[in-house]
Amino acid sequence: MTHGNGKLLLTGGVSTIDGAAGGGLTPWAVTASYATSNQFGGTAHATRVVTQDYAMNAYGAALGIDDRFEISIARQDFDTGITGTALGLPGLHLKQDIVGLKWHFAGDAVLDSDSWMPQLAIGLEHKRTDAGDLEPTLKALGADLSGTDLYLSATKLFLAQGVLVNGTLRVSKANQNGLLGFGGTEHDSYSLQPEVSIAWLLRKDLAIGAEYRAKPDNLNPSILADGLKEDDWADIFIAWAPNKHLSLTLAYVDLGRIVPAVVPKRQTGAYLSAQLAF
C-alpha cells in the first residue's frame, strides 16, 4: 500500500468539526485524503467558529486507507462566554473528544459519476464530553457524558455539471453535538436526524455550497421549560484548494439558539477551517 493523491481536487471534501471527511458540519461518504485504491493518506485540520456570544476551536486528524476505511480523531473546545457567566461559571469551557470510524462499502463518487449510483458509507463517532463545573447540572438534567452517533452517508458527484450532493442520516442523542451531553430526563432514546450538503465546483480549485444539519431536542422541555431548546444548524461555505496538500474553508454559519434561557437570539457568525493533506 502506498501514499496516494489520486482524487480530483476537493472531491474528497474537507474536515468536519467532528473530524470525519465531508463538509464542515456533516460527514460525506468519501474517505479522508486523496488516496484511492491500494493507497493511504491522511489529513489534519484546525477550525475556528465565532458567533455573537460564543466561540469554538476544533482540531484533529484522519487517516484514509484503500479508499475504503477512515479513522479520525478530533478535539473541540467551546467557550461558553456570557452563558457561563450567567450560570455562575465564568470562563467555562466545554470540551469534547471524538473518535470516528467510517467504511465506504459501495459506489465511487468519481468513477460512477455517469450513473445514478452514489458512493455509500457507514460510520460512527464516539464522543466524550468534559463539562467541567457544569457536569453536575448536566447529570441533574439526565444527560450522559459520553455517547455514540451512527450514520449512513450517500455522496453523488455529477462531474459534467461540477455538482456534488450528499445526504446523511444520523442516529444520535447528542445535545448540541455532545457538548451538553447525551440524552435527557424526558428524551433519552436515539432519534434519526437528516443532514444535507451540496457543493458546486466553480473551477477545479474552488467550490461553493451549503449544508443543513437537523438536531435532536432532548433537553426540551426541562426544568428551564423551553430554555434549553435546540435548533438545527446550517451554513453557506466557500472552499479553496490551491493544491492537494492545502484547503481553506470559510463559511457563514447559523447555529440557531444555544441555551435560549440565557441568550434568546440566534447565533450566527463565521467558520474558518484549514486542512493539510498528505
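Our subject is the structure that appears above.
Residues numbered from 1 in each chain as written. Predicted model: local features only at pLDDT ≥ 70, side-chain atom pairs only at ≥ 80, totals over all residues. Heavy atoms only, no water.

A. Broad picture of unusual backbone geometry. Of the consecutive residues Asn220 and Pro221, the connecting peptide bond is found in the cis state with omega at 0 degrees. Tracing the backbone through its elements, the reader meets Pro221 in the loop between strand 12 (206–213) and strand 13 (233–243). Phi is positive for Leu10, which is not a glycine, with a value near 70 degrees. By secondary structure assignment, the location of Leu10 is in the loop between strand 1 (2–3) and strand 2 (14–15). The phi angle at Gln176 is positive, at roughly 50 degrees, despite the residue not being glycine. Tracing the backbone through its elements, the reader meets Gln176 in the loop between strand 10 (163–172) and strand 11 (191–203). (Helix = DSSP H or I, 4+ residues; strand = E, 2+ residues; numbered from the N terminus.)

B. Structural detail: the pairing of strand 7 (residues 93–106). Strand direction decides the pairing type here: strand 6 (residues 69–79) and strand 7, joined by eleven bridges, are antiparallel. Its bridge partner lying in strand 7, Ile71 is registered against Leu101. (Pairing = 2+ DSSP bridges.)

C. Representation of the pattern of salt bridges. In this structure the tally under the stated criterion is 20 salt bridges. Across the salt bridge formed by Lys265 and Asp53, the nearest N and O atoms sit 2.8 Å from each other. You can see Lys265 sitting in the loop between strand 14 (246–254) and strand 15 (268–277) and its partner Asp53 sitting in the loop between strand 4 (39–51) and strand 5 (55–65), a full 212 residues away along the chain. Its relative accessible area of 16% is what places Asp53 among the buried residues. Here Arg257 ties to Asp231 by a salt bridge, and the two come within 3.0 Å at their closest N and O atoms. You can see Arg257 sitting in the loop between strand 14 and strand 15 and its partner Asp231 sitting in the loop between strand 12 and strand 13, a full 26 residues away along the chain. Given the relative accessible area of 25%, Arg257 is considered partly exposed. You can call Asp231 buried: its relative accessible area is 10%. Through salt bridges with shared partners, a single network forms among Asp18, Glu125, Lys127, Asp149, Arg170, Glu195 and Arg213. (Salt bridge = Lys/Arg side-chain N within 4 Å of Asp/Glu carboxyl O. Buried < 20%, exposed > 50% of the residue type's maximum accessible area, 1.4 Å probe, protein only.)

D. Looking closely at the layout of surface pockets. The volume enclosed by the largest pocket comes to roughly 480 Å³. Looking at the largest pocket, it is lined by 32 residues, and the ones nearest its centre are Phe78, Leu94, Leu180, Ile258 and Val259. Those elements giving two or more residues to the lining of the largest pocket turn out to be strand 4, strand 5 and helix 2 (135–140). The element best represented in the lining of the largest pocket is strand 4, accounting for three residues. A per-class count over the lining of the largest pocket returns 26 nonpolar, six polar and no charged. Along the walls of the second largest pocket sit 18 residues, with Lys7, Thr36, Asp67, Asp108 and Val110 positioned nearest its centre. (1 Å grid on protein atoms, 1.4 Å probe; cavity = no way out; pocket = protein on both sides within 12 Å on 5 of 7 lines; lining within 4 Å. Points joined across faces, edges and corners; volume = space filled by probe spheres on them. Nonpolar A, V, L, I, M, F, W, Y, C, P; charged D, E, K, R; others polar.)

E. The pairing of strand 11, seen in detail. As paired strands, strand 10 and strand 11 are joined by ten bridges and run antiparallel to one another. Each bridged residue has a counterpart across the sheet, and for Val171 the counterpart in strand 11 is Leu192. Summarising the sheet, strand 11 and strand 12 pair through eight bridges and their orientation is antiparallel. Looking at the pairing, Leu201 lines up with Ala207 of strand 12. The antiparallel pairing of strand 11 with strand 12 creates a hairpin that spans two residues between the two strands.

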